[in-house]
Amino acid sequence: MITIVFAPPRYGKTCFITHMANLVAFDRQRNRAMQNELILKIRSGFTGIATIPQHCVSANYDISLRKFGYTPRACRRINPYRLGFSNNKVDVHFNIPYEAIFITEAQKYLNSRMSRFFPDWQSRWYEQHGHNNLDIWLDTQRPMLIDVNIRELAGFIEIVYLNIRLNEYNRPCRLQWLIRHIDNAPLFDRYMASGKKDKSCYEESIVEANYNVFASYDSRSCKPKFYAGHFGEDIDYNLSEPTVETLDGYIKFLRQFDDELPTGFYDKRSV
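Residues numbered from 1 in each chain as written. Predicted model: local features only at pLDDT ≥ 70, side-chain atom pairs only at ≥ 80, totals over all residues. Heavy atoms only, no water.

**Some remarks on the packing of aromatic side chains**
Part 1 of the reasoning: Under the counting rule described, the total for this entry stands at 13 aromatic pairs.
Part 2 of the reasoning: For the ring pair F46 and F94, a centre distance of 6.2 Å and an interplane angle of 35 degrees mean the geometry is tilted. One end of the pair, F46, is in the loop between α2 (28-43) and β2 (57-59); the other, F94, is in the loop between β5 (76-77) and β6 (100-103), and 48 residues separate them in sequence.
Part 3 of the reasoning: When its relative accessible area of 43% is taken as the criterion, F94 is described as partly exposed.
Part 4 of the reasoning: Among the aromatic side chains, those forming a connected cluster through ring pairs are F16, F102, W137 and W177. (Phe/Tyr/Trp six-rings, centres within 6.5 Å; stacked < 30°, edge-to-face > 60°. Helix = DSSP H or I, 4+ residues; strand = E, 2+ residues; numbered from the N terminus. Buried < 20%, exposed > 50% of the residue type's maximum accessible area, 1.4 Å probe, protein only.)

Have a look at this one:
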């Protein structure tokens, strides 16, 4: 299924989905099911598959997947703009069966303001992801930033708080999240309309990680983006905001700061 994890900044959203990724990476039953299905595909004519993956985890950020007694495993790095069915505009990823995909800052890739330009070949992929036994985890500050079609397919997890316990060396050794699980979009809408007070909309529970999840990824990996392109510049105090009302303006704005957006991703049709 699709799960949208949301909370204000610094509540441990990416840390939470990283913990979920760790659980999947060492799920023997899921990994074996993935490997068996790929072996069958090779036997049926998929001649390009050279390596059977060790696990099912992919993400748009680097994760060192960890479990006590095991050697750390690296995640498969993906570009969320390249998720979707094969098409003649963008080269897409070859998604493995039973893949668990973790996307941080998901509003960048599934921007609700750009819904009318959302490509059909990706929209259909999200709609049908369950047929390939995929799980998709999205973290964002506010679910309303995510494309409405994706929201309607999703369940939701709100992080209420994160409790971090430190060891004698002042390092995190145990993390606890208090979460609210909301099954579907209608319940989420009702929950938000109630000012988050309707207890019938969610189930509350505690998720615990008895290790330092922060060691599994770089929580400061987005920091360099704030400084990219400014090495030769003075600090400006009269910078005007870019105009992004048009599709061309939005694409130009994105390309100023990031090279992930593939050419041809946004369809210029009008809806």
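Resuming the write-up.
**A closer look at the sheet that holds strand β8 (residues 154-166)**
Part 1 of the reasoning: Read from one edge of the open sheet, 8 strands run β5-β2-β6-β7-β1-β8-β9-β10, paired in mixed fashion. At either margin of the open sheet sits one strand with a lone partner, and together these are β5 and β10 (203-209).
Part 2 of the reasoning: Against the sheet, helix α1 (residues 13-25) touches β1 (2-6), β2, β6, β7 (135-140), β8, β9 (172-182) and β10, its axis set at about 165 degrees to β7. (Pairing = 2+ DSSP bridges. Contact = heavy atoms within 4.5 Å. Axes fitted to C-alpha atoms, helices over the stretch in contact; angles between N-to-C directions.)

**Details of the nonpolar core**
Part 1 of the reasoning: Membership of the largest hydrophobic core comes to 35 residues, with the highest contact counts inside it found for I103, L110, Y126, L138, I150 and F156.
Part 2 of the reasoning: Taken together, the elements giving at least two residues each to this core come down to β1, β6, α3 (120-127), β7, β8 and α5 (185-193).
Part 3 of the reasoning: The element that contributes the greatest number of residues to this core is α5, accounting for 4 residues.
Part 4 of the reasoning: What L138 contacts, discounting residues up to four positions off in sequence, is I2, T3, I4, V5, I103, A106, L110 and I150.
Part 5 of the reasoning: Counting 33 residues, the second largest nonpolar core, distinct from the first, contains M34, L175, W177 and V207. (Core = buried A, V, L, I, M, F, W, Y, C linked by side-chain atoms within 4.5 Å.)

**Some points on the pattern of salt bridges**
Part 1 of the reasoning: Counting across every chain of the model gives 8 salt bridges.
Part 2 of the reasoning: A salt bridge links R174 to E208; the nearest nitrogen and oxygen atoms lie 2.7 Å apart. One end of the pair, R174, is in strand β9; the other, E208, is in strand β10, with 34 residues separating them in the sequence.
Part 3 of the reasoning: When its relative accessible area of 26% is taken as the criterion, R174 is described as partly exposed.
Part 4 of the reasoning: In this structure E208 comes out as partly exposed when scored by relative accessible area, which is 30%.
Part 5 of the reasoning: One salt bridge in this structure joins R190 and D198, with 3.3 Å as the shortest N-O distance.
Part 6 of the reasoning: Overall, R190 belongs to the partly exposed group, its relative accessible area being 42%. (Salt bridge = Lys/Arg side-chain N within 4 Å of Asp/Glu carboxyl O.)

**A word on the side chain of R151**
Part 1 of the reasoning: The residue R151 is located in helix α4 (residues 148-151) in this model.
Part 2 of the reasoning: Look at R151: it is buried, it has no salt bridge, and the nearest opposite charge is D189 at 5.7 Å.
Part 3 of the reasoning: What R151 contacts, discounting residues up to four positions off in sequence, is I4, S112, P143, M144, I146, F156 and A185. (Lys, Arg positive; Asp, Glu negative; His and termini not counted.)

**What about the environment of H129?**
Part 1 of the reasoning: Mapped onto the secondary structure, H129 falls in the loop between α3 and β7.
Part 2 of the reasoning: On the basis of relative accessible area, H129 is assigned to the buried category, the value being 9%.
Part 3 of the reasoning: Along the primary structure H129 and G84 are separated by 45 residues, whereas in three dimensions their C-alpha atoms are 9.3 Å apart.
Part 4 of the reasoning: Apart from residues no more than four positions distant in its own chain, H129 is found in contact with M1, I2, L134 and I136.
Part 5 of the reasoning: Only 2.6 Å separates the side chain of H129 from the backbone oxygen of Y126, close enough to count as a polar contact. (Polar contact = N/O pair within 3.5 Å; in protein donor to acceptor, adjacent residues only side chain to side chain.)

**Structural notes on unusual backbone geometry**
Part 1 of the reasoning: A positive phi angle, near 75 degrees, is found at R10, a position not held by glycine.
Part 2 of the reasoning: Counting through the fold element by element, R10 comes out in the loop between β1 and α1.
Part 3 of the reasoning: R10 gets classed as exposed once you look at its relative accessible area, which sits at 76%.
Part 4 of the reasoning: For N170, which is not glycine, the phi dihedral falls at a positive 65 degrees.
Part 5 of the reasoning: With respect to the secondary-structure elements, N170 resides in the loop between β8 and β9.

Read these as spatial facts, not as claims about activity.
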